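Architecture at a glance
One-letter residues, chain by chain:
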Amino acid sequence: MNSGITTEEAKSIDIEELLKKLSADKKGLSASVAKDRLQKYGYNEITEKKKSQVLKLLSFFNGPIAWMIEAAAIISALIHNWLDFGVIFALLMVNAVVGFIQEKKADDAIDLLKQKLALQARALRDGKWTDVPARELVPGDIVHVKLGDIVPADVKLIKGEYLLADEAALTGESLPAEKHVSDVAYSGSVAKKGEMDALVVTTGMSTFFGKTAALVEEVKTQSHLQKVLAKIGNFLIILAIAMVVVTFVITYMRGKDLLDMLTLALVIIVASIPIAMPAVLSVSMAVGAINLSKKKAIVSHLAAIEEVAGMDILCSDKTGTITQNKLTLADVVPFKGFTDKDVLLNASLACTEEGEDPIDMAILGKTKQVFPDDATANYNIIDFKPFDPVIKRAEAIVESPDGKRFRVAKGAPQVILSLASNKDSIQAKVNEGVNTLAAKGYRTLGVAWTSGADDKNWQFVGLIPLYDPPRADSKHTIDTAESMGIDVKMVTGDHEAIAKEVAQQVDLGTNILPATKLLEIKSDSEAERLVEDADGFAQVFPEHKYHIVELLQGKQHIVGMTGDGVNDAPALKKADAGIAVSGATDAARSAADIVLTLPGLSVIIDAVKESRKIFQRMNSYAIYRIAETIALLFFITLSIIIFDFYPLTALMIIMLALLNDVPIMTIAYDNVHYHNKPEKWNMKAVLGMATVLGVIGVIFSFAFLFIGMHVLHLKTEEIMSFMFLQLVAMGTFTLFLTRTRGHFWSIKPCGALLWSAVITKVFATLMVVYGLLVPAIGWQLTGIVWGYCLFYFVIVDFIKVPLFKKWG
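Residues numbered from 1 in each chain as written. Predicted model: local features only at pLDDT ≥ 70, side-chain atom pairs only at ≥ 80, totals over all residues. Heavy atoms only, no water.

1. A look at helix H17 (residues 423-439)
Given 3.6 residues per helical turn, the α-helix brings residues three or four places apart onto the same face. For H17, with 17 residues, the first-to-last C-alpha span of 23 Å sits near the 24 Å given by 1.5 Å per residue. Residues of H17 that are buried make contact with strand S13 (333-334), helix H16 (413-419), strand S17 (442-450), strand S18 (459-467) and helix H19 (496-505). Once H17 ends, the next one or two residues include Gly 441, with phi positive near 90 degrees. (Helix = DSSP H or I, 4+ residues; strand = E, 2+ residues; numbered from the N terminus. Expected span 1.5 Å × (residues − 1). Contact = heavy atoms within 4.5 Å.)

2. Comments concerning the sheet that holds strand S24 (residues 594-596)
One open sheet holds the eight strands; their spatial order is S10-S24-S23-S22-S11-S19-S21-S20, and the pairing between them is mixed. The open sheet is flanked by strand S10 (297-299) and strand S20 (512-514), the only strands paired with a single partner. Geometrically, the sheet is characterised by an average inter-axis angle of 20 degrees between neighbouring strands, direction not taken into account. Examined bridge by bridge, strand S19 (residues 487-491) and strand S21 (residues 536-538) share two bridges and lie parallel to one another. (Pairing = 2+ DSSP bridges. Axes fitted to C-alpha atoms, helices over the stretch in contact; angles between N-to-C directions.)

3. A closer look at the environment of Tyr 621
Relative to the elements of secondary structure, Tyr 621 occurs in helix H25 (residues 602-643). Note: C-alpha distance between Tyr 621 and Thr 738 (117 residues apart in sequence) is 7.7 Å.

4. Digging into the sheet that holds strand S5 (residues 163-166)
The three strands lie next to each other as S6-S5-S8, forming an open sheet whose pairing is antiparallel. Looking at which strands have only one partner, the edges of the open sheet turn out to be strand S6 (177-179) and strand S8 (190-194). Looking at each pair of strands side by side, their axes are set apart by 30 degrees on average, direction ignored. Direction of pairing for S5 relative to S8: antiparallel, over a ladder of four bridges. Within the sheet, the bridge partner assigned to Ala 165 lies in S8 and is Ala 191.

5. Considerations on the pairing of S18
With seven of its nine residues buried, S18 lies for the most part within the structure. Taken together, the two bridges between strand S12 (residues 328-329) and S18 define a ladder with antiparallel strand orientation. What sits directly across from Leu 329, in S18, is Leu 466. Relative to S18, S13 runs antiparallel, the two sharing two bridges. Its bridge partner lying in S18, Pro 334 is registered against Gly 462. Pairing between S17 and S18: eight bridges, direction antiparallel. Within S18, the residue paired with Trp 449 across the bridge is Gln 459. (Buried < 20%, exposed > 50% of the residue type's maximum accessible area, 1.4 Å probe, protein only.)

Dropping the structure here:
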């Protein structure tokens, strides 16, 4: 959205003048004015979506598969075979419409999930701070940007001490840019330090980032699953083309009509290649993402679903994931010269309610209990530096009721101790206090004070113990994870003793290493061994997380890493499955593959289970698709090459492809059992199982052809319908054979799969009984076909079970 003032122009305009030009003031816009501006200048989402949908529909008439179907239709028209032309054209339309509907459902589902992950901004509306979707910001809005936030628009900074903004994604500059009042911060940059109020100048595609994004196309990377299925698809296409070329050459040498042969060749290829593969993959991923969203896990990168299925190590945050993240203050420990109330008062002055930080809220809550008259209200905060995860402390300059100014600080005990002027004399006492409290599972903060605003003579006021008990379900969830082949490792910034206490309570193991130990080891192999054997890591900084992931990946592990802070983003991106926990910063959420909206480990385990189910469905589809192609392709081409017999017409092959592809579309909804081991592609097993089933299919088809020719003595037209129904029925039975690793009755199919199979097979049966588009063969021969196919189904079901066990 452009207000008429560009970001570059805003740089040189005074704040007061810019407020006038934008018809705004420092109290923020009214909700009604913001709404009017959004309607006038905002992004027309509906129009853009319609354009996108039209282009997507047209894309289904383009590409190798569509070209082959179109070529077959054109050739049918050239030889005036209008029935074949009509059916082939109908297949083209059905393929496009069904594919479009399925893709639209998947896209709508992903759009819905993206809305749940939509960037929120803290805006001043009607004089009150409120959370609004960043896409609804308008020029003139006043927003608050703090540590971890993604700047929601191009803004002019108007209040606050400073902001350190990471603009690497925009400018390529690796070092954060320091911003002050009157500077401009760009949309898409990440606040690394500080917090400030800002005036929105431009939004959306009018921003610096938006203009840059408009110049480049989004690069879509393929997941391992997509690459595997693409390789399978390419293999089947090459196999089909090779077989068809051989058939074409031989039949041409026999003097067959060129156009008839070309039509048959094209439709054989169409029937052999995986037409439904893109839709099956898209819908399977989308359905899985929707199921995960119902369990409070939002998938931001669909490709990560496969990585979660193969994850064998999960590095989990302690706070809020293993523990409740409900901090409670125990009895404070004042140091010489200070009282309990002094510790609480000074700590509360280094807190802010605005960011809703759990530690700050716990301290402020306790302070209000101790000081019912709200003594802190009489103190004026002159300057406040919020908690910085790098230096691990918060600091403020405060003016007391009598007008005197002084400094307060709170943070990690060792950091606060390093400020104290008498640190050498009190170090032993501080360490003893921290260790004693840590042994009880307490997390400890240090509090310090100076007598003047410019005084560097810090005094250690005391220790504040905080207790965050384990979640009730953590022990059970960790046991479940380990039974599923996932090694859970705790990662925490807390003291080693606290980590061990919590680990012991949830049966995680107490081999907890301080993260600094990894940096001391020079040998990568030794560091990898230590990380692999450890149950967790304590006193972890964000950069340690990245190193931990790197070392584990060096041992060929598929690693999941949780995080919530702005500095966790590199580790989340590095991990095979980056997981932003509940309450994570915007920067962490944007870097993660999965965003949790509910605290606890159980959500992650739900994600693993759902991901493994999707993997099973895709594995079943791959086996089915290869087996069916082998069975159909080799039967038709060998019949033509060896016996000079055409078992199916071009029309029958088209109908066969259509009737078998409809049920396979529903495999995304099928019932499956997840494995209790991390999943990975075993192509030897996939190809081996598919080849066995395909060859058995070819043998059964030739045996049935022999029965039709030499036992039942059927006419050529009757044999074609006879074989058409047999191939349709066997194709569906093959689908039901590949969907389970046990016997076909071991897992009940979902209603959509079962009924789509029943309806398409009833239709195929009626076609051959009453002669709809194919020669009629009556109920008696139809019964023989179904009896034979049921026999095939039962026999092969007992053959496949030991083979699946053999190949794992």
